[in-house]
Amino acid sequence: MCTNLFLLLMSAPCVAAFVPPPSAMSSHVSSTILFAGGFGTAKSKSAPKKKANKKSKSSILSDIQVDEAPKQSTPKLDRFGLPILTEDDIFPPLTSNDGARVPVSDGDEFNKEDVAEALQHHIGVNLDIFDENGQSIHEEKSNRWKLKLLHQDPPVLSVEHFFSEADVEQYKSMIESNEGNNGGENGDAVQLSSPTFSSSLSLSRRTSTTWFCKYESMSCLLAKAQALLNVDLKQMEEPQLVRYRTGEEFSWHYDEIPSAQLSNGGQRLATLLVYLNDLDKDRGGGTVFRDLKSPVNESNKRKEKGSSKGNDNQLTVRPKSGTALVFFPAFKDGKADPRTLHKGEVALDTKMIAQLWIHEKEYQASVPENNLQVDAASGVREELERLGVKNVM
C-alpha cells in the first residue's frame, strides 16, 4: 500500500515538496490512512462483503496530515518601513547581569546597619541625623523625620514628616500663584509641560505640568535635601513643582540622563521627591517600581487577605502629604542602574509633588533665566539653623 501511495504522491506536484521521508511515511502516513479508510478494524461475520471503492488521488491526499511550519509574525512597521519599537525594546526585562534585587523582610522595622549596607555603593543618606529607631535628632522637635528602608538592593527609602504642614502649604500656593507663568520676570517659577531630558528611545508618556523654580524660592526643600543627603548645593538640578490632574500620568521611565547630555553635571545620582497631598490606593497616583517587590511582610499580609494578584507585589509608594521618597538612578561612580525603572500611576484626583535631582558634579541651571544655586545659600543656612542640623556641606 505504501508503494501505491508513494506513486500517487509523486504524480501530484502541488504537494510533492511536503512528502515526508520513507521512515516517517511507513508509520505516520500509513496509520492515518488506515484510520481514515476504515482498515484494520475487526471484521463482522454477519456483515455482507462489499467491493471496496477505489479512492481517487485527491481523496488519498486529503487524508494525509502534513505539519505546516509555524507562521512568523511580521513586526509592525512605521511609515518609513522601519520596525516600530515596543515597550520591551525601550525598557528591556532585567537579566542576571543587571544585579540582584533584594526586598526588605519587614518594612516596619528599622535597622541602621541595614540602611548603611544598602547605601554603600550610592551617595547615601546622612545617617548621623537619625537615631537607632530611624527618628531624626535635629532640634525641631515638633517635626521629627522618620526614615524607612523600603527596598534593600537597589535602595529605596521614605522619610515621613519631611515637610511640615506649613512647608506643604507654601509649595502648593506657589503652584497656584505661578499658574500660567511662561517665563516672565515676575514669579518664582516658570511653567512648562513636564519636559524630560530628550532621548530618541523615549516612549514615556508624561501629561503633567511642571514649574521650574528659582533656587532662592525653594530654600526649605534645598536645606532639607542637603541635610538628608549631605551634598553640595552646586550639585542640585533646578527644583521643580509638579501637578498631575485627574487622568494624568508619567509612564515607565528612568531618571538617568542620556550619555550625550552628561556634560552638565554628569549623571543624576539621587532622586528626591516629596508628596504634597494624600491619595488613597483606589485613587491611583502611586510611584511604582516595575522590577522591585514590596517588603516581604506586606506581601504576606496581602496573601493572607486574598488580595494579592497580578502585580500587587510591585513596590508602590502611595502619596502621603509631607513624605519624601528617595532612590538612586545611578551608583556613586555614575553608572546608571536600570533596576530603578518606575512610573507615576494615572492619578484619579489631583496629585502634587516637589522634586529635586542630585548630580555627580556642579550643575548649571538654565530655567528660569539667571537661576543660580548661590542665590539660595543664605536661605539654606537659615533653614539649617532653624532645624538645628549641623555638619553638612
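Up top is the structure.
To start, this report covers the structure provided alongside it. Keep in mind that what you see is a predicted model, and the values were worked out from it rather than measured.

### Some remarks on the sheet that holds strand S8 (residues 268-275)
If you trace the nine strands from one edge of the open sheet to the other, you get S1-S2-S3-S11-S8-S13-S6-S5-S4, paired in antiparallel fashion. One side of each edge strand has no neighbouring strand; the edge strands of this open sheet are strand S1 (102-103) and strand S4 (189-192). Pairing of strand S3 (residues 156-160) with strand S11 (residues 324-327), which is carried by four bridges, proceeds in the antiparallel orientation. Its bridge partner being in S11, Val 159 is matched across the sheet by Ala 324. Together, strand S5 (209-213), strand S6 (240-244) and strand S13 (351-359) form the strand contacts of helix H6 (residues 165-177), whose direction differs from that of S6 by roughly 75 degrees. Sitting on the sheet, helix H7 (residues 219-229) touches S3, S8, S11 and S13, and the angle it makes with S13 is about 55 degrees.

### Some words on the environment of Gln 170
By secondary structure assignment, the location of Gln 170 is in helix H6. Relative accessible area serves as the criterion here: at 35%, Gln 170 is assigned to the partly exposed category. Between the alpha carbons of Gln 170 and Cys 220 there is a distance of 9.8 Å; along the sequence they are 50 residues apart.

### A few points about the environment of Tyr 363
Looking at the secondary structure, you find Tyr 363 in the loop between S13 and helix H9 (377-387). Judged by relative accessible area, which is 6%, Tyr 363 ranks as buried. Along the backbone, Tyr 363 and Asn 264 are 99 residues apart, and their C-alpha atoms lie at a distance of 5.6 Å. Once residues within four sequence positions are removed from consideration, Tyr 363 is found in contact with Tyr 215, Lys 234, Gln 235, Met 236, Glu 237, Glu 238, Asn 264, Gly 265 and Gln 373. Within the structure, Tyr 363 has its side chain in polar contact with the side chain of Glu 238 (distance 2.8 Å).

### Considerations on unusual backbone geometry
Negative phi characterises most residues that are not glycine, and trans characterises most peptide bonds. Backbone torsion omega between Asp 153 and Pro 154 reads 0 degrees, so that peptide bond is classified as cis. Mapped onto the elements, Pro 154 comes out in the loop between strand S2 (146-153) and S3. Look at the link from Val 367 to Pro 368: it is a cis peptide, with omega at -15 degrees. When you line up the elements, Pro 368 lands in the loop between S13 and H9. At His 161, a residue that is not glycine, the phi angle is positive and equals roughly 65 degrees. Tracing the backbone shows His 161 in the loop between S3 and H6. Using a relative accessible area of 43% as the deciding quantity, one classes His 161 as partly exposed. With a phi angle near 55 degrees, Asn 230 is a residue other than glycine that sits in the positive phi range. Among the secondary structure elements, Asn 230 is positioned in the loop between H7 and S6.

### Looking at the packing of aromatic side chains
Tallied over the entire structure, the rule returns six aromatic pairs. Here the aromatic cluster, defined as three or more aromatic residues joined through ring pairs, consists of Phe 130, Trp 145, Phe 162, Phe 163 and Tyr 171. When the ring centre of Trp 357 is taken as reference, the NZ or CZ atom of Arg 268 above it lies at 3.7 Å. For the cation-ring pair, Lys 351 lies above Tyr 244, with the distance from its terminal atom to the ring centre recorded as 4.7 Å.

### Description of the sheet that holds strand S7 (residues 250-253)
Two strands in a sheet stick together by hydrogen bonds in their backbones, pointing the same way (parallel) or opposite ways (antiparallel). Spatially, S7-S12-S9-S10 is the arrangement adopted by the four strands of the open sheet, whose pairing is antiparallel. Two strands in the sheet have a free side with no partner beyond their single neighbour: S7 and strand S10 (314-317). Strand-to-strand twist of the sheet, defined as the mean angle between neighbouring strand axes without regard to direction, takes the value 20 degrees. Here strand S9 (residues 287-293) pairs with strand S12 (residues 342-344) via three bridges, running antiparallel. Bridging from a neighbouring strand, Val 288 pairs with Lys 343 of S12.

### Quick notes on the pattern of salt bridges
Scanning all chains against the criterion turns up 11 salt bridges. Two residues, Lys 172 and Glu 169, come together in a salt bridge whose shortest N-O distance is 3.9 Å. One end of the pair is Lys 172 and the other is Glu 169, both in helix H6 and three residues apart, which spans about a single turn. Owing to a relative accessible area of 47%, Glu 169 belongs among the partly exposed residues under this scheme. For Asp 349, the salt bridge goes to Arg 283, with nearest N and O atoms at 2.8 Å. You can see Asp 349 sitting in the loop between S12 and S13 and its partner Arg 283 sitting in the loop between S8 and S9, a full 66 residues away along the chain. A residue is classified by how much of its surface remains accessible, and Asp 349, at 31% relative accessible area, is partly exposed. Where salt bridges share partners, they join Asp 153, Asp 337 and Arg 339 into one cluster.

So, how was this worked out
- Residues numbered from 1 in each chain as written.
- Predicted model: local features only at pLDDT ≥ 70, side-chain atom pairs only at ≥ 80, totals over all residues.
- Heavy atoms only, no water.
- Pairing = 2+ DSSP bridges.
- Helix = DSSP H or I, 4+ residues; strand = E, 2+ residues; numbered from the N terminus.
- Contact = heavy atoms within 4.5 Å.
- Axes fitted to C-alpha atoms, helices over the stretch in contact; angles between N-to-C directions.
- Buried < 20%, exposed > 50% of the residue type's maximum accessible area, 1.4 Å probe, protein only.
- Polar contact = N/O pair within 3.5 Å; in protein donor to acceptor, adjacent residues only side chain to side chain.
- Phe/Tyr/Trp six-rings, centres within 6.5 Å; stacked < 30°, edge-to-face > 60°.
- Lys NZ or Arg CZ within 6 Å of the ring centre and 35° of its normal.
- Salt bridge = Lys/Arg side-chain N within 4 Å of Asp/Glu carboxyl O.

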